[in-house]
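So the chains spell out like this:
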Amino acid sequence: MKEIKKVIVTGGAGFIGSHAVVELVQAGYEPVIVDNFENSFPIIVDGIQQILGDPVKIYKVDCRDSKGLQNVFDKEKNIYGVIHFAANKAVGESVADPLKYYDNNLQSLVTLLRVMKANNVLRLVFSSSCTVYGSPDSLPVNESLERKRPASPYGNTKRVSEELIEDFVASYPEFQAISLRYFNPIGAHRTSLIGELPIGVPNNLVPFITQTAAGLRNELTVFGKDYDTEDGTCIRDYIHVVDLAKAHVKALDAFLNVDFKGKNEIFNLGTGKGNSVLEVIKTFEKISGLKLKYRLGDRRPGDVPKIYGEVTKSSNILKWKSELTLEDSMRDAWNWQQYLGKINFKP
Ligand code: NAD
Ligand code: WQD
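Now for a look at the structure at hand. (Residues numbered from 1 in each chain as written. Chains lettered and ligands numbered in written order. Predicted model: local features only at pLDDT ≥ 70, side-chain atom pairs only at ≥ 80, totals over all residues. Heavy atoms only, no water.)

1. Regarding the overall build of the protein chain
So, point 1. Scanning the protein chain for helices and strands turns up 11 helices and 13 strands.
So, point 2. The C-alpha atoms of the protein chain give a radius of gyration of 19 Å, which matches the 20 Å a tight globule of 347 residues would have.
So, point 3. Overall size of the protein chain, expressed as C-alpha extent along the three principal axes, is 55 × 45 × 40 Å.
So, point 4. The contacts of the protein chain with a sequence gap of at least 6 include a subset with a gap of at least 24, amounting to 81%.
So, point 5. Surface summary for the protein chain: the accessible area is close to 15500 Å², and the carbon and sulfur share equals 49%.
So, point 6. Taking the average location of the 43 positive side-chain charges in the protein chain and that of its 42 negative ones, the two points are 2 Å from each other. (Helix = DSSP H or I, 4+ residues; strand = E, 2+ residues; numbered from the N terminus. Rg over C-alpha atoms; globule rule 2.2 N^0.38 Å. Contact = heavy atoms within 4.5 Å. Areas by Shrake-Rupley, 256 points an atom, 1.4 Å probe, with all protein chains shown as cover. Lys, Arg positive; Asp, Glu negative; His and termini not counted. Charge placed at Lys NZ, Arg CZ, Asp CG, Glu CD.)

Here you go:
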């Protein structure tokens, strides 16, 4: 009988973490969620359990609390590895309150690594971001490019975290880490039982589109119409959150087949293809049959004109490729928004 491997999933009640928990169970892993619930709501845990038809193990613990984490490791024996999603992620808030971001994102990582070491848990999958490429000189970006100083304190916590993990593995060669650089995660689970729950006015494009279509926002402002791109709007690599979630299963599998000892191996997780803001809007209009209210406005400070990732390394080593399309993403994001309306959810 195949042994079921137990995996601690910090931030497992969040947007990407919840989708990963579902994929992990479906792939035969046993996820254990550790989350302080500062950016999650009970409907997400309910949704995970409804999809799976079984309860999931959850600890309400802050990753900066070493005693709390140690208690989880004491109770949960034989831990195969940790996926570390827990972090704060709002770019604008990080500019206004950088210490909140350095405190949470770095303290959580340091505390977690200490507890992993004390308990001889040797495998880490870390949530990084394409923001560490800064504004790239050439496209697509690949993992061997030097990191650039990201435009925001949030982005910088990801750059420093990658470096911190590198220093840690160098001192502890039995340990192995994989850092996954996500591009722009969008969409929701096909069942509409889990998805993204932005608090307040969304900063990100897709929730802003779906909230505008649902009548919660007046209109969308397209940030910038005069970039050096085909239609003048910015280009991003939008990746369906379920594809992204599946890559975490592949990363855990890869620890068994590839020797990453003493390394922090980095992988891009994107589609390898860029889409403009106007293309995203058009795709939304096509799948929903609605006309979106939007206007072309000024550029948003800090936005890079164009970024998308090379995905050959993920495909060759992790044996992972995105499968879902932009249409799938927009359909699932829209169904999720409509579900939230139906249950009258107010964050
Ligand atoms: P999210 O906010 O939905 O999920 C993060 C979860 O972590 C939340 O449930 C929150 O309650 C929890 N959390 C935060 N601080 C914690 C702490 N100290 N202890 C325990 N739990 C804590 O965010 P997400 O979009 O799911 O992002 C997950 C990870 O992926 C983050 O590290 C984020 O920086 C990274 N990332 C996200 C994106 C994106 O666009 N969503 C892109 C690149 C990278
Ligand atoms: C996408 C495009 C906007 C809102 C952010 C973080 C990055 C990573 C992913 C975590 C851009 C345009 C947006 C709007 C618009 N997160 N836009 N009107 O900025 O690419 O990346 O999320 O690591 O670090 O910075 O994502 O969804 O905010 O924007 O025109 O109301 O949509 O200008 O071109 P971004 P986004």
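On we go from here.
2. A closer look at the site of ligand 2
So, point 1. Near ligand 2, the surroundings consist of 18 residues, among which Ser129, Tyr154, Thr221, Arg236 and Asp303 are the closest.
So, point 2. Residue Asn203 places a main-chain N or O atom 3.3 Å away from an oxygen atom belonging to ligand 2.
So, point 3. Phe223 has a polar backbone atom sitting 2.8 Å from an oxygen atom of ligand 2.
So, point 4. Burial of ligand 2 by the surrounding chains reaches 87%, relative to a free accessible area of 680 Å². (Near = heavy atom within 4 Å. Polar contact = N/O pair within 3.5 Å; in protein donor to acceptor, adjacent residues only side chain to side chain.)

3. Quick look at the sheet that holds strand β4 (residues 79-84)
So, point 1. Pairing is parallel across the open sheet formed by seven strands, whose spatial order is β3-β2-β1-β4-β5-β6-β11. Edge positions in the sheet fall to β3 (57-60) and β11 (264-269), since each of these pairs with one other strand and no more. Along the sheet, successive strands turn relative to each other by an average axial angle of 20 degrees, direction set aside.
So, point 2. Across seven bridges, the pairing between strand β5 (residues 123-129) and strand β6 (residues 176-182) is parallel. Paired with Arg123 across the bridge in β6 is Gln176.
So, point 3. Here helix α6 (residues 153-171) sits on the sheet and contacts β5, β6 and β11; the angle it forms with β5, its principal contact strand, is near 155 degrees. (Pairing = 2+ DSSP bridges. Axes fitted to C-alpha atoms, helices over the stretch in contact; angles between N-to-C directions.)

4. Topic: the site of ligand 1
So, point 1. Inspection of the region around ligand 1 gives 29 residues, with Ile16, Asp35, Asn39, Asn104 and Tyr154 positioned closest.
So, point 2. Backbone polar atom of Glu38 to an oxygen atom of ligand 1: 3.1 Å apart, as the coordinates give it.
So, point 3. At a separation of 2.8 Å, an oxygen atom of ligand 1 approaches a polar side-chain atom of Lys89.
So, point 4. Compared with its free state, where it exposes 820 Å², ligand 1 has 95% of that area covered by protein.

5. Things to note about helix α1 (residues 15-26)
So, point 1. Helix length check: α1 (12 residues) gives 18 Å between terminal C-alpha atoms against 16 Å at 1.5 Å per residue, within 8%.
So, point 2. Most of α1 sits inside the fold, with 10 of its 12 residues counted as buried.
So, point 3. Phi turns positive, to about 95 degrees, at Gly28, one or two residues after α1. (Expected span 1.5 Å × (residues − 1). Buried < 20%, exposed > 50% of the residue type's maximum accessible area, 1.4 Å probe, protein only.)

6. Digging into the packing of aromatic side chains
So, point 1. One pass over the structure, following the stated rule, counts 11 aromatic pairs.
So, point 2. Residues Phe168 and Tyr172 carry aromatic rings whose centres are separated by 5.5 Å and whose planes lie at 70 degrees to one another, so their mutual orientation is edge-to-face. In this structure, Phe168 and Tyr172 share a single accessibility class: buried.
So, point 3. On the basis of an interplanar angle of 85 degrees and a centroid distance of 5.4 Å, the ring pair of Phe284 and Trp334 is categorised as edge-to-face. Residue Phe284 is found in helix α9 (residues 277-288), and its partner Trp334 is found in helix α11 (residues 326-342); the two are separated by 50 residues along the sequence.
So, point 4. For Trp334, a relative accessible area of 10% gives the class buried.
So, point 5. What links up through ring pairs into an aromatic cluster is the set Phe168, Tyr172 and Phe175.
So, point 6. Positioned over the ring face of Tyr227 is Arg299, at 3.9 Å from the centre of the ring.
So, point 7. Sitting over the ring of Phe267, Lys313 keeps its end group 4.8 Å from the ring centre. (Phe/Tyr/Trp six-rings, centres within 6.5 Å; stacked < 30°, edge-to-face > 60°. Lys NZ or Arg CZ within 6 Å of the ring centre and 35° of its normal.)

7. Notes on the environment of Ile281
So, point 1. Secondary-structure assignment places Ile281 in helix α9.
So, point 2. Separated by 72 residues in the primary sequence, Ile281 and Ile209 have C-alpha atoms spaced 7.5 Å apart.

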